[in-house]
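# Commentary on secondary and tertiary structure
So you can see what is in the structure, the chains are spelled out below.
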Amino acid sequence: MKHAFSFGDKSIEPAVRRINEMRCVAVIGAGTMGQGIVIDLLRKTDYAILLVDVKQEALDAARARFETIWHQDVATFRMREDEAANCDARMTFTCDYDSLDEADIIWEVATERDDVKASIFAQIEEAADPTRLAAIFSNTSSHTTAELAELFNSEAFREKFLTVHGYFPFEANRLIDVMKGKYASQATFQLGIVFADQILEKTVIALPIDHHGYITDPIFQAMGAIISWDVKTSRDIVELGGLWDRFTANPFVVLDQTGHMPYTESSRHFGKALPETDRLRSLYQRDGAFYPAWIERLEKQGCTGVASRERCGFYKWSDGDRPKPTAVLDPARGEYVPIGEVSRKDYWSYYEAAEQDRLTGRIKSAESLVHVACADDAGGRAFRRYALPICLYAMDMIQDRAATPGQINIATRAGLRFKVGLIELIDTLIARLTIDGLIELIRRARDENADDPFMVEMLDVDGTCGPRKNRPCLLWEMKRRNLPALLGYGKYYRTPVAELDFETGTYRGSYLDLKTVAPSSKDRVASIVFHSPLRGNVFNKAVIDQLAHAFSSVLTLHQKGACGAVMFTAAGGGMRMLGADAREFNRGWFQREQGYAPLDEADAAASSRNAVSLFRLIQQSPVASIGVFGEKWGGGAEFTYFLDLRYDVRAYGFAFDSLERETLWAQKNTYNQPELDFAILPGFGAVGELRRLGMGDSAIFEVFDQGMTADRAFQIGLSNAVFNDEQTALSRGFERTRQMAKDAPYSRALFKQELARGADDESLASETGATFNPKKNPFIRVGLLSLLDRGQRTPKMDYSCIGVQLPGWDYPTENGTAEIDVAGRATDCEATK
């Protein structure tokens, strides 16, 4: 969104106010990442943007790219011509640092070289106004925040300095890191988190303690580095790199797309700066080299990926806007050769795993990865040699308290686009093999690589050698404390919803697709934000599990009297809420050449049953609820029908007039139920809920056959309020939720019971009598004082429901805590059945 909102969280209110006052952001570095940041800022804010680079040709290339993008956006009706002109007008391209005194945020996105960064920071100190500056960011991939903060001479700049790092392509990747270090103030850290979360609309990994490369970069860097030392031929790039295709993508393909410079410069820095205790440090320092000679040769030849003059790197790439690899480097011969297939004879486990997934309707599943890990082929040996050290490294970060299990899993899912997060994989290995079995698998890998001292050290699980000497790995602590898994899994689909807190030994919520804000003692309002705007905040299996866990936590707070109401909303401009995830309508991975693979009828029914049961729980609970959304489609609209109130933001955009055969800018429909067009039904209960809300047949047909604007929905009573912008809608929605939270729980529960039951005069008389009985309704004494004794200050109501039987309502569990599975994915593994 273009503005930030506090959701009642007093701790971030200063950051929210400062962000909402901002007018200008300066980006230093016009390369690939700098351009991505500028594109994102121009699309998501009204800021003036200053792009600085020492090379005029870099600025000219950036300007040309922006103009091409805006032209394409206008031609494809993603942007109006006046919006494109506005983007141009807000841009300033310069080689001069003097204009930095106008910036509220300065974001350095240049090289990883210390000497260059020191020069840039010196010019920032000379030109920028520290009293105007809200923060300085560096997009470094390998440095710690403290290392870079110390390049500033002034404490005024150090305390406003954070490392804030996005991932390629910045404008289309949802992950971002915000790292504080020891010099930045807490206020600056909070501002960086809120800016990344609400303005950039990213999934934020917030790290208060410095760690080289954050979480994601050291893992991705290692994915390529650990293989690179073994690469001799083109087949090695394809087959060894192909291991990571089982997780996400071959890192050598990705590095060609991003350019090699961040990788090689980060390798240099890691080789010099990683601490002695870092398990993977030997990947970046071997015989005085930071990376292998064959990569160094590519660098010297200027063969650094798609953007290089010859459009080659580890692969040779086709021309055009969407280049594809056409050949692969053979380092032994120094030339490009045809890309061969991964050998079925040597790597049969890769193919078996893929077939396993196809038969079970899964996509790159944890179970198939375990199959490869245990195989006696080249694929199994590759997994044990290359993937297990990185699994151990992830556990080291947890053991060193540098990151939490949930952060690592989210970072690999969101930033590296793993289909299965790294911690999910570790949990599945534990569930399949037991902790002792996983330790033995790692020892097997060590023995298989006994002739490689670097690998022996990286595979040390017992604390006997190498960087982790005298520090046995985390698995031993888990075994000693009888901790079965690093993550907790949802009740419906067993997707991750919680992470293990090693300090307490309990599990706490950790969500990839939701953000929650706890209620304050004053407001008693919880906020649940659907937080996947790049995908339109779709409902999928993971979101259903996360929402169930998050709302169960709300019920826990309600039972304790700490929460009376919940506000639901969605991240992103326009607060869009799409429906059920169409990708899950297909059995497994959709492939165009194969066409639709039908879901099993029972699976399709379960998707409806599970969602509706959760929505019904929210609807029938004594917790008041309100939804504040913009454009809603399918299941996104259906979800709001179950809430007590619906506040809408008017949506505007391009719409196709099928009669006039032209695309026009107009107010768009806010309520959309297009299911019938796609030969399916609204499986989340639209028809029944619209009927319950008082909509007649005509209104229901209107929603389904033509959609409904926010104003039309307000006119017929489907919407309770309509607003022009997100900020006003959130402010008004939160205030209404705060007032609803004041309802006494016993009365609210009876009220909802009556709504569900319909007219029953005798029951109403009996229930009215019950509300006046303090033994049944302990809230009556304080509640009536506000009516009877208006001259005195009414005592504060105790909203706790512990020991109170609310009418028609039983809390789901003894303490209201979400039902989670902490046994990994064991029941999904054939070997455990």
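Each remark here, short or long, concerns the structure printed above.
Computed from a predicted structure; not experimentally measured. In every chain, residue numbers begin from 1 and rise along the written sequence. For a predicted model such as this one, the threshold for reporting local features is a pLDDT of at least 70, and the threshold for listing and counting side-chain atom pairs is 80 or more; totals across whole chains, interfaces and linings nevertheless cover every residue. With hydrogens and water set aside, each side-chain value is computed from the structure's full complement of heavy atoms.

Attention now moves to the overall build of the protein. Secondary structure elements follow DSSP: runs of H or I no shorter than four residues count as helices, runs of E no shorter than two count as strands, and numbering proceeds from the N terminus. Per the secondary structure count, the protein includes 30 helices and 24 strands. For the radius of gyration, the atoms used are the C-alpha atoms, and the globule rule reads 2.2 Å times the number of residues raised to 0.38. On C-alpha atoms alone, the protein measures out to a radius of gyration of 28 Å, which is about the 28 Å that the 2.2 N^0.38 rule sets for 833 residues. Summarising its shape, the C-alpha atoms of the protein cover approximately 90 × 65 × 60 Å along the three principal directions. Across the 833 residues that make up the protein, the buried fraction comes to 56%. Note on areas: Shrake-Rupley with a 1.4 Å probe; residue coverage comes only from the protein chains shown. With the model as given, the accessible surface of the protein reaches about 35200 Å², and the carbon-plus-sulfur share is 50%. Each residue is assigned to one of three classes by its accessible area relative to the maximum for its type, calculated with a 1.4 Å probe on protein chains only: buried under 20%, partly exposed between the two thresholds, exposed over 50%.

Here the focus is the packing of helix 9 (residues 216–228) against helix 11 (residues 251–258). Working note: a packed helix pair is described by the angle between its axes plus the distance between those axes. Think of each axis as a best-fit line through the C-alpha atoms, taken over the contacting stretch in the case of a helix, with angles from 0 to 180 degrees between the N-to-C directions. Where helix 9 contacts helix 11, the axes come no closer than 9 Å and their chain directions differ by 120°. Relative to helix 11, the crossing made by helix 9 is left-handed. Contacts from Phe220, Met223, Gly224, Ile227 and Ser228 of helix 9 reach helix 11 at Pro251, Phe252, Val254 and Leu255. Here the term charged refers only to Asp, Glu, Lys and Arg, the term nonpolar to Ala, Val, Leu, Ile, Met, Phe, Trp, Tyr, Cys and Pro, and the term polar to all other amino acids, Gly among them. Of the residues that constitute the contact of helix 9 with helix 11, the class distribution is seven nonpolar, two polar and no charged. In this scheme the crossing of two helices becomes right-handed for a clockwise turn of the near helix relative to the far one and left-handed for an anticlockwise turn of less than a right angle. Note on contacts: a residue pair is in contact if any heavy atoms of the two residues lie within 4.5 Å.

What makes two strands pair is DSSP finding at least two bridges between them. One open sheet holds the three strands; their spatial order is 12-13-14, and the pairing between them is antiparallel. This sheet does not close on itself; its edge strands, each paired only once, are strand 12 (487–489) and strand 14 (506–509). Neighbour-to-neighbour, the strand axes of the sheet open up by a mean angle of 40°, direction not taken into account. With three bridges joining them, strand 12 and strand 13 (residues 496–501) adopt antiparallel strand pairing. The residue of strand 13 that forms the bridge with Gly488 is Ala498. Running at roughly 140° to strand 13, helix 17 (residues 405–415) makes contact with strand 12 and strand 13 of the sheet. Together, strand 12 and strand 13 form the strand contacts of helix 18 (residues 422–448), whose direction differs from that of strand 12 by roughly 80°.

Turning to a nonpolar patch on the surface, a few remarks are in order. Together, Phe585, Phe678 and Ile680 give the surface a local cluster of nonpolar side chains, amounting to about 290 Å² of exposed area. Structurally, Phe585 can be placed in the loop between strand 17 (565–570) and helix 22 (601–620). The partly exposed category is assigned to Phe585, whose relative accessible area is 34%. Like-charged residues within 9 Å of one another, or nonpolar side chains (Val, Leu, Ile, Met, Phe, Trp, Tyr) within 5 Å, are grouped into patches, provided each residue has over 30% relative accessible area and no salt bridge. Take a side-chain nitrogen of Lys or Arg and a carboxyl oxygen of Asp or Glu: if they are within 4 Å of each other, that pair is a salt bridge.

In this section: the packing of aromatic side chains. Aromatic rings from Phe, Tyr and Trp, taking only the six-membered ring of Trp, are treated as a pair when their centres fall within 6.5 Å; an angle between ring planes under 30 degrees marks them as stacked, one over 60 as edge-to-face, and anything in between as tilted. This structure, assessed with the given rule, holds 35 aromatic pairs. Both rings, one in Phe77 and one in Phe654, keep their centres 5.4 Å apart while their planes meet at 65°; by these two values the pair is edge-to-face. With Phe77 in the loop between helix 3 (56–75) and helix 4 (81–89) and Phe654 in strand 21 (residues 651–657), the pair connects residues that are 577 residues apart, well separated along the chain. Relative accessible area serves as the criterion here: at 41%, Phe77 is assigned to the partly exposed category. Aromatic pair Tyr647 and Phe723: ring centres 5.6 Å apart, planes at 50°, arrangement tilted. Within this pair, whereas Tyr647 is found in strand 20 (residues 645–649), its partner Phe723 is found in strand 24 (residues 721–723), the two being separated by 76 residues in sequence. No difference in accessibility class separates Tyr647 from Phe723, as the two residues are buried.

Now for the side chain of Arg524. For Arg524, the position within the fold is in the loop between strand 15 (514–517) and strand 16 (525–530). Although buried, Arg524 forms no salt bridge, and the nearest oppositely charged side chain, Asp798, lies 8.1 Å from it. A polar contact is formed between the side chain of Arg524 and the backbone oxygen of Ala741, at a distance of 2.4 Å. The contact partners of Arg524, leaving out residues within four places of it in the chain, are Pro519, Gly561, Ala562, Cys563, Gly564, Ala565, Ala741, Lys742 and Tyr799. Charged residues are defined here as Lys and Arg on the positive side and Asp and Glu on the negative side; His and the ends of the chain fall outside this count. For this analysis, a polar contact is any N or O atom pair within 3.5 Å, provided that within protein one partner can donate a hydrogen and the other can accept it, and provided that sequence-adjacent residues contribute only side-chain to side-chain pairs.

Let's shift gears to the sheet that holds strand 8 (residues 203–207). Two orientations exist for strands paired in a sheet by backbone hydrogen bonds: parallel and antiparallel. The strand order 3-2-1-4-5-6-7-8 describes an open sheet built from eight strands, whose pairing is mixed. Sheet topology places strand 3 (91–94) and strand 8 at the edges, where each strand pairs with a single neighbour. Here the average twist between neighbouring strands, direction ignored, is 20°. With five bridges joining them, strand 7 (residues 175–179) and strand 8 adopt parallel strand pairing. Paired with Leu175 across the bridge in strand 8 is Thr203. Running over the sheet, helix 3 touches strand 2 (48–52) and strand 3 and is turned about 155° from strand 3.

In this section: the side chain of Glu265. With respect to the helices and strands, the residue Glu265 is situated in helix 12 (residues 261–273). The buried charged residue Glu265 lacks any salt bridge partner; its closest oppositely charged side chain belongs to Arg268, at an N-O distance of 4.7 Å. Excluding residues that lie within four positions of it along the chain, Glu265 makes contacts with Thr111, Glu112 and Arg113.

With 14 residues, helix 5 (residues 114–127) should reach 20 Å at 1.5 Å per residue; the first-to-last C-alpha distance of 20 Å fits that figure. Within the span of helix 5, buried status applies to Lys117, Ile120, Phe121, Ile124, Glu125 and Ala127. Under the convention used throughout, the expected extent of a helix is 1.5 Å for every residue step, that is, one less than its residue count.

Our focus in this paragraph is the pattern of salt bridges. In total, this model carries 56 salt bridges according to the counting rule given. Between Asp581 and Arg535 there is a salt bridge, with the nearest N and O atoms lying 2.8 Å from each other. Of this pair, Asp581 sits in the loop between strand 17 and helix 22 while Arg535 sits in the loop between strand 16 and helix 21 (541–559), placing them 46 residues apart in sequence. Asp581 sits in the buried class, given a relative accessible area of 5%. One connected set of salt bridges, linked through shared partners, spans Arg279, Asp396, Asp400, Arg468 and Arg471.

Next up on the list: the nonpolar core. The set of buried Ala, Val, Leu, Ile, Met, Phe, Trp, Tyr and Cys residues whose side-chain atoms join them within 4.5 Å is what this entry labels a nonpolar core. Ranked by internal contacts, the top residues of the largest apolar core, which has 103 residues, are Ile219, Phe383 and Leu475. At 14 residues, the largest contribution of residues to this core is made by helix 16 (residues 378–399). Excluding anything up to four places from it in sequence, Leu475 contacts Met395, Ile430, Ile435, Leu438, Ile439, Ile442 and Val461. In terms of nonpolar packing, the next biggest core, distinct from the first, is built from 67 residues, Phe723, Ala729, Met797 and Tyr799 among them.

Moving on: the pairing of strand 20. Counting buried positions along strand 20 gives four out of five residues, so the element sits mostly inside the fold. Pairing geometry for strand 18 (residues 624–629) and strand 20, over four bridges, is parallel. Within strand 20, the residue paired with Val628 across the bridge is Tyr647. One ladder, built from three bridges, connects strand 20 with strand 24; its direction is parallel.

So, on to helix 1 (residues 13–20). Within the sequence span of helix 1, burial applies to Ala15, Val16, Arg18 and Ile19. Seen from one end, helix 1 has its buried residues packed into an arc of 165°, which puts them on one side. In the core, the buried residues of helix 1 are packed alongside helix 8 (186–199). Along the arc lie the directions from the helix axis toward the C-beta atoms.

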